[in-house]
Amino acid sequence: MKSIMWFREIKKEDIPFVGGKGANLGEMVNEAFPVPMGFVVTAQAYFKYIEEKGIKTEIIKKIDAIDVEKTEELEKVSKEIRELILRTPMSRMLETEIKDSYSKMGERRVAFLSTREEEFVAVRSSATAEDLPQASFAGMQETFLNVKGRIEVLEAVKRCWASLFTARAVYYRKKQNFETEKVGIAVVVQKMVDSEIAGILFTADPTGDTSKIIIEAGFGLGEAVVSGSITPDTYTVEKNSFKIIEKKISKQEWSIERAGKGNEKRDVPKAKQMKQKLEDKFIVQLAKIGRQIENHYKKPMDIEWAVENKQLYIVQARPITTLGMKEKTDKEKNRMIKTKEKPIAKGLAASPGIASAKAVIIPEAKNADKVNKGDIIVTKMTNPDWVAIMEKAKGIITEEGGKTCHASIVSRELGIPCVVGVKNAMKIIEEGEIVTVDGYNGLVYKGIVELEKPEETEEEVFEDKEEIKEIKEELEEEGEKFGKEKDGKLIEHLEELMQERAIKVKVNVALPEAAEKAAKTDADGVGLLRAEHMITESGMHPAEFLREGKEEELIQAVRTGIKKVASLFKGKPVWYRTFDARSDEFRNLKGGEKEPEEDNPMIGWHGIRRSLDEPKLIQAEFKAIKELVEEGFTNLGVMLPFVISASELKKAKELALEVGLNPRKDVQFGVMIETPASVWAIDELIEEGLDFVSFGTNDLTQLTLGIDRNNERIQKLFSELHPAVLRSCEYVIKKCNKAGVITSICGQAASNEEMVEKLVEFGIKSVSANIDAVENIKRHVLVLEKRELLERMKKE
């Protein structure tokens with residue numbers, strides 16, 4: 001694989017090599033959008049660098065050992081890793097390739113003469129899990145603007161690599177369960193636009209309204225807008241007519257401008273400070289380009305743009321990751337607040353939701369230790385380094401920033417209400433007073449505001465209004481076959497049928513602490529509750545509990561974790577997966593050094609095979625569940641991992657009975673379908689007796705395709721959508737449906753709309769997605785079911 005790829009060589013399929021940012025730039029260049037020229041130092045160059053220089057193992061070991069909730073430890077270890085990368089030199093070959101590529105960017109040809117000038121470039125990180133629909137890494141890694149010179153470009157590339165391990169980036173990845181060895185980083189080197197005006201365009205309002213285009217603009221380089229350091233102009237454009245329907249002009253006192261080989265902060269002349277940044281004709285032109293980019297990608301996009309010498313450039317584009325968090329109409333928003341009080345402050349609605357709590361004024365990051373869990377942070381602007389602090393907050397209020405600043409993006413990702421651009425918020429709001437943040441409307445109230453849940457109207461039964469429109473249009477096209485009267489009856493009947501969704505959308509929970517957030521998604525249950533984190537939170541390997549005769553402590557650790565989740569999902573199934581840690585995964589815990597050394601732990605001693613070899617381990621888990629059943633929890637299920645035969649299921653049921661837990665009577669009992677053996681032994685598993693199966697597609701794909709999912713060199717071949725994997729899923733689903741066994745899927749693939757669409761087609765009964773993907777998958781499943789119903793009724 002190449003270490004350098006020019007934009008013109010890149011296709012969307014190259015994400016594993018160039019990251020989301022690099023792939024999007026390459027795709028836009030090939031579609032003739034106005035993108036400045038550039039190249040990408042690929043992720044494979046980074047992987048090769050850490051491998052050849054012998055620092056990969058040290059990095060992974062340090063990251064795996066971090067407790068990200070301990071801020072000092074997180075900061076210390078992440079800094080050590082960054083320093084390790086910065087002091088470890090690149091290979092001479094890679095240095096030469098980068099220098100030569102940079103020099104080519106400055107080539108000029110006049111007549112028969114060719115000259116070279118050093119260009120100003122932007123050097124941007126592009127993590128290989130970044131800018132994908134499932135997660136938002138925006139701003140997590142570094143960007144360096146106005147870099148000039150071959151040595152300077154090399155240094156900026158290394159600093160981008162190092163920024164993969166900032167405290168905020170490590171914290172976010174650990175919270176999102178991204179594996180360190182899988183996340184690489186490509187580096188985009190792009191000709192720098194010396195912009196007079198720059199900003200961001202959202203082809204849909206990031207708080208939910210897809211009929212509008214939102215444009216934010218500021219003087220100078222776009223960094224001031226992106227970072228939220230200024231409050232930009234905000235222009236709202238109607239997407240279909242391109243009519244400008246609202247303009248909010250903000251005062252801009254300073255801008256970031258090019259200066260030498262870097263940037264500097266300059267005062268904006270007073271006469272210019274209150275002027276509209278972008279002329280109306282450019283607003284409309286930019287909106288049209290944004291709509292074209294959205295049409296190309298077939299999804300709402302977040303686009304960075306710049307204007308130099310009246311020429312418009314697109315410098316970056318990525319999917320919007322937080323749409324779907326707000327499905328309320330304007331009418332609903334206005335009736336959600338029931339209060340006689342008038343708001344004390346107003347800003348921009350940045351992240352939907354409503355929260356009342358004590359306000360804590362944080363002028364600077366050094367004051368952040370004042371924040372306790374459940375407080376509302378009031379500050380000038382949150383820095384991306386604040387992710388761990390923001391997670392404690394119940395709401396965020398900032399004096400500066402727009403809907404696309406880091407405070408907005410992180411708040412939407414965390415699912416907490418946020419209002420940005422609230423002028424003089426730290427003066428208006430007093431330290432310690434109770435305030436209510438209305439993230440739907442961009443308002444702040446004094447005191448606790450009484451909430452009134454809006455009643456559901458007939459129109460709201462269908463959550464996806466666009467799909468109703470499509471259904472009606474399709475029926476109208478059927479003219480002769482369906483008359484106007486039958487149209488109405490069909491829609492009415494569809495509405496009745498859709499009030500109960502046949503396919504359940506559940507949520508995955510890795511940490512009991514995340515259960516509250518998971519419950520707020522209104523998922524239909526928990527399709528995967530992992531055991532590992534609740535057991536290892538104590539710092540002791542689960543096997544060590546037994547070695548030290550502390551079985552009761554292990555039982556209580558499991559019981560407490562499950563209870564915390566099950567209590568929030570009363571009346572809904574909670575499927576607990578028994579212990580499934582590889583022998584190399586928890587060596588840093590007490591007793592971890594006693595784990596066996598295995599050549600390939602991925603297919604080694606873990607899952608049900610280890611549990612049957614060490615029966616006291618799984619019986620401790622069964623005892624914890626038995627205690628919860630006796631407490632009255634009737635919604636629990638046990639899921640056995642890495643099963644290859646019916647005899648393992650039989651033996652596990654016998655071990656459960658030995659401790660007084662009756663499988664399939666006290667609790668639902670099922671298995672993970674993660675191995676090809678479990679696929680082809682499905683008849684025997686059904687005959688042995690089980691209530692459900694759930695696909696673990698990471699392992700199933702790895703073992704079906706013979707691909708090590710931790711090997712970056714062959715990641716391009718890893719796909720759950722491979723025909724062999726899909727046929728395995730289809731085979732199991734049809735067998736289970738015939739036998740009345742519930743089918744489900746958990747893990748990352750359940751958050752992939754294309755994969756879900758295939759499984760729904762096969763007849764799957766439920767899917768279990770990651771917390772941040774539940775809303776999108778619920779909506780997508782609903783659309784799929786509507787289509788199926790429509791087709792069925794057309795045949796009647």
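Rules of the game
Residues numbered from 1 in each chain as written. Predicted model: local features only at pLDDT ≥ 70, side-chain atom pairs only at ≥ 80, totals over all residues. Heavy atoms only, no water. Helix = DSSP H or I, 4+ residues; strand = E, 2+ residues; numbered from the N terminus. Buried < 20%, exposed > 50% of the residue type's maximum accessible area, 1.4 Å probe, protein only. Contact = heavy atoms within 4.5 Å. Areas by Shrake-Rupley, 256 points an atom, 1.4 Å probe, with all protein chains shown as cover. Pairing = 2+ DSSP bridges. Lys, Arg positive; Asp, Glu negative; His and termini not counted. Salt bridge = Lys/Arg side-chain N within 4 Å of Asp/Glu carboxyl O. Arc of directions from axis to C-beta. Phe/Tyr/Trp six-rings, centres within 6.5 Å; stacked < 30°, edge-to-face > 60°. Lys NZ or Arg CZ within 6 Å of the ring centre and 35° of its normal. 1 Å grid on protein atoms, 1.4 Å probe; cavity = no way out; pocket = protein on both sides within 12 Å on 5 of 7 lines; lining within 4 Å. Points joined across faces, edges and corners; volume = space filled by probe spheres on them. Nonpolar A, V, L, I, M, F, W, Y, C, P; charged D, E, K, R; others polar. Core = buried A, V, L, I, M, F, W, Y, C linked by side-chain atoms within 4.5 Å. Axes fitted to C-alpha atoms, helices over the stretch in contact; angles between N-to-C directions. Parallel < 35°, antiparallel > 145°, perpendicular 65-115°, else oblique. Left-handed = near helix turned anticlockwise from the far one by under 90°.

**Details of the overall build of the protein chain**
Turning to step 1, where the next piece is worked out: Counting secondary structure elements, the protein chain contains 29 helices and 33 strands.
Turning to step 2, where the next piece is worked out: Across the 796 residues of the protein chain, 56% fall into the buried class.
Turning to step 3, where the next piece is worked out: Of the contacts made within the protein chain by residues no fewer than 6 positions apart, 68% connect residues no fewer than 24 positions apart.
Turning to step 4, where the next piece is worked out: When the accessible surface of the protein chain is split by element, carbon and sulfur atoms take 47% of a total near 34800 Å².

**Topic: the sheet that holds strand 22 (residues 418-420)**
Turning to step 1, where the next piece is worked out: Across the sheet, eight strands lie side by side as 17-24-23-19-20-21-22-18; this open sheet has mixed pairing. On the outer flanks of this sheet lie strand 17 (345-346) and strand 18 (348-351), each paired with one strand and no other.

**Re the environment of Val307**
Turning to step 1, where the next piece is worked out: One can find Val307 in strand 14 (residues 301-308).
Turning to step 2, where the next piece is worked out: Counting along the chain gives 114 residues from Val307 to Val193, while the straight-line C-alpha distance between them is 7.6 Å.
Turning to step 3, where the next piece is worked out: In this view, Val307 contacts Ser195, Glu196, Ile197, Leu278 and Leu312; residues no more than four positions away in its chain are not counted.

**What about the side chain of Glu621?**
Turning to step 1, where the next piece is worked out: Relative to the assigned elements, Glu621 resides in helix 22 (residues 615-631).
Turning to step 2, where the next piece is worked out: This buried residue, Glu621, is left without a salt bridge; Arg577 holds the nearest opposite charge, at 8.4 Å.
Turning to step 3, where the next piece is worked out: With residues near it in sequence (within four places) discarded, Glu621 still touches Ala531, Val558, Tyr576, Thr578 and Phe579.

**Focus on helix 28 (residues 753-762)**
Turning to step 1, where the next piece is worked out: Buried within helix 28 we find Met755, Val756, Leu759, Val760 and Phe762. For helix 28, the angular spread of buried residues about the axis comes to 155 degrees, placing them on one side.
Turning to step 2, where the next piece is worked out: Gly763, located one to two residues past helix 28, shows a positive phi value of around 110 degrees.

**Concerning the packing of aromatic side chains**
Turning to step 1, where the next piece is worked out: According to the stated counting rule, one finds seven aromatic pairs in the structure shown.
Turning to step 2, where the next piece is worked out: Summarising the aromatic geometry, the rings of Phe622 and Phe669 are spaced 6.2 Å apart at their centres and angled 45 degrees between planes, so their arrangement reads as tilted. Of this pair, Phe622 sits in helix 22 while Phe669 sits in strand 30 (residues 668-673), and the two are 47 residues apart along the sequence.
Turning to step 3, where the next piece is worked out: An aromatic cluster is present here, built from Tyr46, Phe47, Tyr49 and Trp161 joined pairwise through their rings.
Turning to step 4, where the next piece is worked out: In this structure, Lys265 packs its charged tip against the face of Trp254, placed 4.3 Å from the ring centre.
Turning to step 5, where the next piece is worked out: The side chain of Lys506 reaches across the aromatic face of Trp575, ending 3.5 Å from its centre.

**A short note on empty space enclosed by the protein**
Turning to step 1, where the next piece is worked out: If you walk through the whole model with that rule in mind, you get five cavities of 30 Å³ or more.
Turning to step 2, where the next piece is worked out: Residue lining of the second largest cavity: Tyr46, Phe47, Ile50, Lys56, Ile59, Ile60, Phe165, Thr180, Glu181 and Val183, and that is the complete set.
Turning to step 3, where the next piece is worked out: Breaking the lining of the second largest cavity down by element, the ones donating at least two residues are helix 2 (43-52) and helix 3 (56-65).
Turning to step 4, where the next piece is worked out: Looking at the lining of the second largest cavity residue by residue, the class counts come to seven nonpolar, one polar and two charged.

**Section: the nonpolar core**
Turning to step 1, where the next piece is worked out: Counting residues in hydrophobic clusters, the biggest one holds 84 residues, and the most contacted among them are Val123, Trp161, Ile215, Leu278 and Trp305.
Turning to step 2, where the next piece is worked out: Once residues lying within four places of it in the same chain are set aside, the contact partners of Leu278 are Ile197, Ala217, Tyr235, Ile283, Leu286, Trp305 and Val307.
Turning to step 3, where the next piece is worked out: Within the second largest apolar cluster, 77 residues are counted, among which are Ala652, Ala656, Ile673 and Leu690.

**Here's the deal with the pairing of strand 31 (residues 692-696)**
Turning to step 1, where the next piece is worked out: Of all five residues in strand 31, five are buried; the element is thus mostly enclosed.
Turning to step 2, where the next piece is worked out: Residues Phe692, Ser694 and Gly696 line one face of strand 31 and the alternating positions Val693 and Phe695 line the opposite face, and both faces are buried.
Turning to step 3, where the next piece is worked out: Pairing analysis gives four bridges linking strand 30 to strand 31, with the strands arranged parallel. From the neighbouring strand, Val671 faces strand 31, where its bridge partner is Val693.

**With respect to the packing of helix 20 (residues 551-566) against helix 22**
Turning to step 1, where the next piece is worked out: The contact between helix 20 and helix 22 brings their axes to 8 Å, and the two run at 50 degrees. In terms of orientation, helix 20 and helix 22 fall into the oblique class. Relative to helix 22, helix 20 is oriented so that their crossing is right-handed. Where helix 20 abuts helix 22, its residues Glu551, Glu552, Leu554, Ile555, Gln556, Val558, Arg559, Ile562 and Lys563 lie against Leu617, Ala620, Glu621, Lys623, Ala624, Ile625, Glu627, Leu628 and Glu631.

**What about unusual backbone geometry?**
Phi is mostly negative for residues that are not glycine, and the peptide bonds are mostly trans.
Turning to step 1, where the next piece is worked out: Positive phi, normally seen in glycine, also occurs at Asn309, with a value near 50 degrees.
Turning to step 2, where the next piece is worked out: Structurally, Asn309 is set in the loop between strand 14 and strand 15 (311-319).

**Brief notes about the pattern of salt bridges**
When the charged atoms of two side chains lie near each other, side chains of opposite charge can form a pair.
Turning to step 1, where the next piece is worked out: A full pass over the atoms with the stated rule returns 36 salt bridges.
Turning to step 2, where the next piece is worked out: Lys735 is the salt-bridge partner of Asp683, the closest N and O atoms lying 3.3 Å from each other. Here Asp683 is found in helix 25 (residues 682-688), whereas its partner Lys735 is found in helix 27 (residues 723-739), with 52 residues between them in sequence.
Turning to step 3, where the next piece is worked out: Owing to a relative accessible area of 36%, Asp683 belongs among the partly exposed residues under this scheme.

**Describing the sheet that holds strand 2 (residues 38-41)**
Hydrogen bonds along the backbone pair up the strands of a sheet, which may run parallel or antiparallel.
Turning to step 1, where the next piece is worked out: Sheet architecture is open: five strands sit in the order 1-2-7-5-6, paired in antiparallel fashion. Strand pairing shows two members of the sheet lacking a second neighbour, strand 1 (4-6) and strand 6 (143-147), which therefore form its edges. In this sheet, adjacent strand axes meet at a mean angle of 20 degrees when their direction is disregarded.
Turning to step 2, where the next piece is worked out: The sheet contact formed by strand 2 and strand 7 (residues 185-191) spans four bridges and is antiparallel.

**Remarks on the packing of helix 22 against helix 23 (residues 646-658)**
Turning to step 1, where the next piece is worked out: Interhelical geometry of helix 22 versus helix 23 gives an angle of 60 degrees and a closest axis separation of 9 Å. Relative to helix 23, helix 22 is oriented oblique. Every pair of crossing elements has a handedness; the one defined by helix 22 and helix 23 is right-handed. Here Pro615, Ile618, Gln619 and Phe622 of helix 22 lie close against helix 23, whose contacting residues are Ala652, Leu655, Ala656 and Glu658.
Turning to step 2, where the next piece is worked out: Grouping the constituent residues of the contact of helix 22 with helix 23 by class yields six nonpolar, one polar and one charged.

Function cannot be read off these values alone, since they describe shape.
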